[in-house]
Amino acid sequence: MSTAAINLPPMGGGLTRTRVARILLIIGLVLIISKTMLPGGLIRPPEWLVWPFADWINAAFRFMRDDLGLIHVTRAFADGVEWLLDVTANLLYGKSRWPNIGPIPWTVIAASAAVIGYALNGWRLALLSGGTFCWIAIMGQWTWSMETLSVIVVAAPFSILMGLLTGIAAWRSALFEKLLNPILNVAQSMPHFAYMIPVVVFIGVGPKAGAVVTIIFSVPPMIRMTLLGLKKVSDEVIESGKMCGATRLQLLWSVRIPTARTDILVGVNQVIMQCLAMVVLASFIGMPGLGQKLLQLLQALKIGRSVEIGITIVLLAVMLDRCSKAWAMRQPQHFAKGTPWFVRHRLALIWAALTLALLGLAQVFPLLDQISRRQALSAAAPLDAMVDWFIVIVDPVTTWLRWFLIVWVLIPLRDAFLFAPFSAVLVLIAAAAWAIGGLRSAAICVAFFAFIAMSGWWDRAMITVYTVTVSVAIATAIGFPLGIWGSRKESRAQRVLLACDTLQTFPSFIYLIPVVMLFGVNDVAVVGAVVLFAAVPLIRYTIEGLRGVPHEMVEAAEMSGATYGQTMRKVRLPLALPTIMVGVNQSVMFSLFMVIIAAFIGTQDLGQEMQRALSSSDVGKGLVLGTAVAFMGLLVDHLVQTWGAKRRALLGL
Amino acid sequence: MMAPEPVISCKSVWKLFGPNADHYFSTLRGAPSFQSIREAGYIAAVRDVTLDIPRGEMLVIMGLSGSGKSTLVRCLSRLIDITGGEVHVDGQDIGALKEKELIELRRSKMGMVFQSFGLLPHRTVLENVAFPLEMRGQDRHTRRARALEVIELVGLAGREDYFPRELSGGQQQRVGIARSLAIEPDIWFLDEPFSALDPLIRREMQDEFLRLQGLLGKTIVFITHDFDEALRLADRIAIMKDGAVEQCDRPDRIVMNPATEYVAKFTHEIDKARVVRASALMQPVNGTALTGEAIGSHQTIHDLARLVINDPREAFPVAGKDGALLGVLRRQEAIDVLLGDHA
């Protein structure tokens, strides 16, 4: 559709490349059509092709755990983490552990949050952070929320430190960076559950396991951002540092890292958001807190209460995101000469005064100290009533939609995906990859999928592929027009982008609440959740792509007498397409994550197997499944990146 | 007029960029051209440069972008390791210095100003200026006192607590200048310090720079792509092309006697009268009968234009600052410079 607008010059060797792709395509189609005549070995991976990766991994893990005694190291580390967790738990919600001075009154914590918010970005952020804690306390969710927060408070600094050090090491050694890169790629496309299983094996279940898995899961973005930041420091700044006579160490600590501050703090922001996403999911391995509560309530279909918890999680997410972003973007500002010290330290003084006052007041009025479950408010009853009323109204629509989707879309498509012989799928993937990136791409992509075939989970994998395909297709059908609509006016674009930003901070778990509410627990709910989750990046990148089209080109089109529609179709969309494809890429990644998470509301794909692996602590199986999911993501990523890079080069962007 | 021992001395300095450039360089014989090196897949950023910079001189290195001038100045300060040749600073071969000695050299003798200022964004003006002193390990109090002194010198007093982004471009470069002067360097490198500023500010900063130089009298290597700037500031100008120095000489000599076609093209558009001083145009007295008031040898022909046209004398006596007779300036030659060649 887009190539029509721009006459592309034939690429070098383009004819042969398309010809190869076409031949492969025909072979693939023939394989599908002639399925009944094919030998069994071409329909499903034959036994000799299925390698026992899981057993090998298990053997390796057993060796590391028992023979190398790694378990003592991990247990010791986990015990250290647990001690820290206990300290924060005591301070935040009064768990009876050393130092036994907690809990801090909720009003003090809320006031501190408000002061921090104000210091970072003024009144609105103060209101948001203070308000979040007030909501938590008043709704009687203090203990759960603090259980969740205490893990973040402990895990995030660990991740940040580890990420920073690894990032610096990768920046110093090109070899290490080269080794690290593919590991990070796979790590960042592994679903959350794949991280949990090894942790369960080495550490067990419970809060400390939750904290450790959170630490591990949130390190990669910090490494990436540290590396990026350090590389971005301009040569002149470094040269000026050298000419000032800085030694290597001085250069790193006084010049490079402070100058890369913004990127590093963006990394911190990502760490915190990843921590929150993981800590909510860690409920699956016995992490108490908001996630566990939400999981229980959702499984019991208590919608009102889940919505309450959902709001808390969302508020926490938005607050943490805004605060850490404000910190990253904050620019230093000087005080006028002769400003007295109490003006310079105004906020610290206000904070100290507030804290003292509230500590005193909490002694007099117990409600300012702690709000017990019984004293708390709950909106669950009216919420449930409202939801029930709403569901009764929309029920005919949702029932019909559910029926239509299942009978006419989902089941036929699933059957089609399962019908295709695995050889045909591999050949078709090779065809697509060859058309986009030639032999190299084809080899990489087939290797990714060959692993899936060899893992022995072909059918399950195809169900995952089918769910993701359907979901991304629906998400595109919704998100793409919404993005075009959103980009029409600048003010609207900004509002929609802000909404997308906010939605993206929500932990994925949250998206399950509305779909379970509407569709109950079934395939349609899974697809619904994935669609919701995957549409956000699509909308966002569509808008950003359309906004990024150079003004002169749009103006040139308008001066040539093009209508709005013509400008959109012939100029703006083709130019925005590479950016939009980045959105599609992200959307696929998000779908994969979501499909796996949604497994617990009932799917028959890799996610369900992953849950089984989790409950039986089967590391090998878990990692094989996780890698399979990661490879699906990396395949799409590779194709989109290759295509996008070529396209951009062609368009001279 | 040259000091016996140059402060900086380069002997056939080479800098090649490319894969395994050292090895490739060792295979080179004779004087390969820029083009032939390029065909081999290497970029000759600095090509066989030999220069001596005496104490107290302001040498301006001038060339278009990509001519290698920035690379050359980085070779002089060893921000870049050279591929061939030698650079001596105060008689020391800086290529042979260990990292510690090099840092010591920079901490005691060199200052550098950068085109995009190279300020540290998270530090105030005061902290930026004190940064080299901090690196030296001086205590907070001395640091502060010295930094305030230099800030005052560059005219930024009262802005010590500002952050770089709160300052205009000209002010930021003043901070860069102050920082480079904080350690009282003997050698001052300036890499296109005013190129990022708009023309009015640039002019103001050049004046400021001349004032500072008058005050401090340092040995200066100044880089620019602006010929007018070079003429304004330089004791000597080195014109670079494709990594090699085409000509290195006093501004008026470059204008009057360009050594190569390339230099001639540069000087073509220049108003020679503003560059050429009486001292450059004068001839020996050789018994010419001279009358009337003498003109100053440092005055440019442009300064003398009114006199040359209105005064009926055919020849003017030229005197130095001390009033001693140095030579004679012929009226016709001065008019030729003013109006351009008779051709």
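Cut-offs used in this document
Residues numbered from 1 in each chain as written. Chains lettered and ligands numbered in written order. Predicted model: local features only at pLDDT ≥ 70, side-chain atom pairs only at ≥ 80, totals over all residues. Contact = placed C-beta atoms within 7 Å. Helix = DSSP H or I, 4+ residues; strand = E, 2+ residues; numbered from the N terminus. Nonpolar A, V, L, I, M, F, W, Y, C, P; charged D, E, K, R; others polar. Core = buried A, V, L, I, M, F, W, Y, C linked by C-beta atoms within 7 Å. Buried ≥ 20, exposed ≤ 12 C-beta atoms within 10 Å, placed from the backbone. Expected span 1.5 Å × (residues − 1). Bend = angle between axes of the 7 residues up to and from the residue. Domains from an automatic or database assignment. Pairing = 2+ DSSP bridges. Axes fitted to C-alpha atoms, helices over the stretch in contact; angles between N-to-C directions.

Participant: Please give an account of the interface of chain B and chain A that cites residues and values.
Facilitator: In this assembly, 25 residues from chain B lie in contact with 21 residues from chain A. For the side of chain B that touches chain A, the secondary-structure elements that each account for two or more residues are helix H4 (99-109), strand E6 (110-113) and helix H5 (125-136) of chain B. Here the side of chain B that touches chain A gets four residues from one element, more than from any other, and that element is H5 of chain B. Considered class by class, the residues forming the side of chain B that touches chain A number twelve nonpolar, seven polar and six charged.

Participant: Give a detailed account of the environment of Met64 of chain A, specifying residues and quantitative values.
Facilitator: With respect to the helices, strands and loops of the structure, Met64 of chain A is situated in helix H3 (residues 53-67). Sequence-wise, Met64 of chain A and Gly456 of chain A are 392 residues apart; in three dimensions their C-alpha atoms are separated by 25 Å.

Participant: Tell me about the nonpolar core, and please be specific about residues and values.
Facilitator: Judged by nonpolar contacts, the single largest core of 193 residues is most densely connected at Leu276 and Ala529 of chain A. In contact with Leu276 of chain A, not counting residues within four places along its chain, are Ile152, Leu316, Ala317, Leu320 and Pro507 of chain A. Met243 of chain A together with Leu181, Ile239 and Met282 of chain B belong to the second largest nonpolar core, which has 99 residues in total.

Participant: Residue-level account of helix H18 (residues 380-419) of chain A, with values.
Facilitator: Residue and element names in this part refer to chain A. In this model, H18 (40 residues) spans only 46 Å end to end at C-alpha, well below the 58 Å of a helix rising 1.5 Å per residue. Of all the bends in H18, the largest measures some 60° and sits at Val394, one to four residues before the proline Pro396. In terms of burial, H18 is a largely surface element, two of the 40 residues being buried.

Participant: Could you give an account of the environment of Val113 of chain B, naming the residues involved and the relevant values?
Facilitator: All names here are of chain B. Residue position: Val113 is located in strand E6. Put simply, Val113 and Arg174 are 61 residues apart on the chain and 9.5 Å apart in space, counted from C-alpha to C-alpha. If sequence neighbours within four positions are ignored, Val113 has contacts with Gly176, Ile177, Ser180, Leu190, Asp191 and Pro193.

Participant: Break down the domain arrangement of chain B for me, with residues and values.
Facilitator: Residues and elements named next belong to chain B. Taken as a whole, chain B is organised into domain 1 (8-271) and domain 2 (273-339). Placing a centre on the C-alpha atoms of domain 1 and another on those of domain 2 gives a separation of 35 Å. Looking at the side of domain 1 that touches domain 2 element by element, the count peaks at five residues for helix H10 (residues 251-256). Residue composition of the side of domain 1 that touches domain 2, grouped by class: five nonpolar, no polar and three charged.

Participant: Explain the sheet that holds E6 of chain B to me, and be specific about the residues and the numbers.
Facilitator: Sheet strands line up and pair through hydrogen bonds in the backbone, either parallel or antiparallel. All names here are of chain B. In spatial order, the strands read E6-E7-E8-E3-E9-E10; together these six strands make up an open sheet with mixed pairing. Two strands in the sheet have a free side with no partner beyond their single neighbour: E6 and strand E10 (244-249). The mean inter-strand angle of the sheet, taken between neighbouring strand axes irrespective of direction, is 15°. Here five bridges tie strand E7 (residues 187-191) to strand E8 (residues 219-224), and the two strands are oriented parallel to one another.

Participant: So what about the domain arrangement of chain A? Which residues, and what values?
Facilitator: Residue and element names in this part refer to chain A. Entries for chain A in the domain assignment read domain 1 (92-138 + 341-375), domain 2 (157-330) and domain 3 (388-653). Using C-alpha coordinates to define each centre, domain 2 is positioned 24 Å away from domain 3. Listed by partner, the interface residues are 31 residues for domain 2 and 31 residues for domain 3. For the side of domain 2 that touches domain 3, the secondary-structure elements that each account for two or more residues are helix H8 (174-189), helix H9 (192-203), helix H13 (261-281), helix H14 (290-299) and helix H15 (303-329).

Participant: Residues and numbers for the sheet that holds strand E2 (residues 43-53) of chain B, please.
Facilitator: All names here are of chain B. Across the sheet, which stays open at both edges, the four strands sit in the order E2-E1-E4-E5 with antiparallel pairing between neighbours. For this open sheet the edge positions go to E2 and strand E5 (92-93), each flanked by a neighbour on one side alone. Note that strand E4 (residues 84-89) and E5 share two bridges and pair antiparallel. In the sheet register, His88 faces E5, and the bridge partner there is Asp93. Each of strand E1 (8-17), E2 and E4 is contacted by helix H3 (residues 69-76), which is oriented at about 55° to E2, the strand it contacts most.

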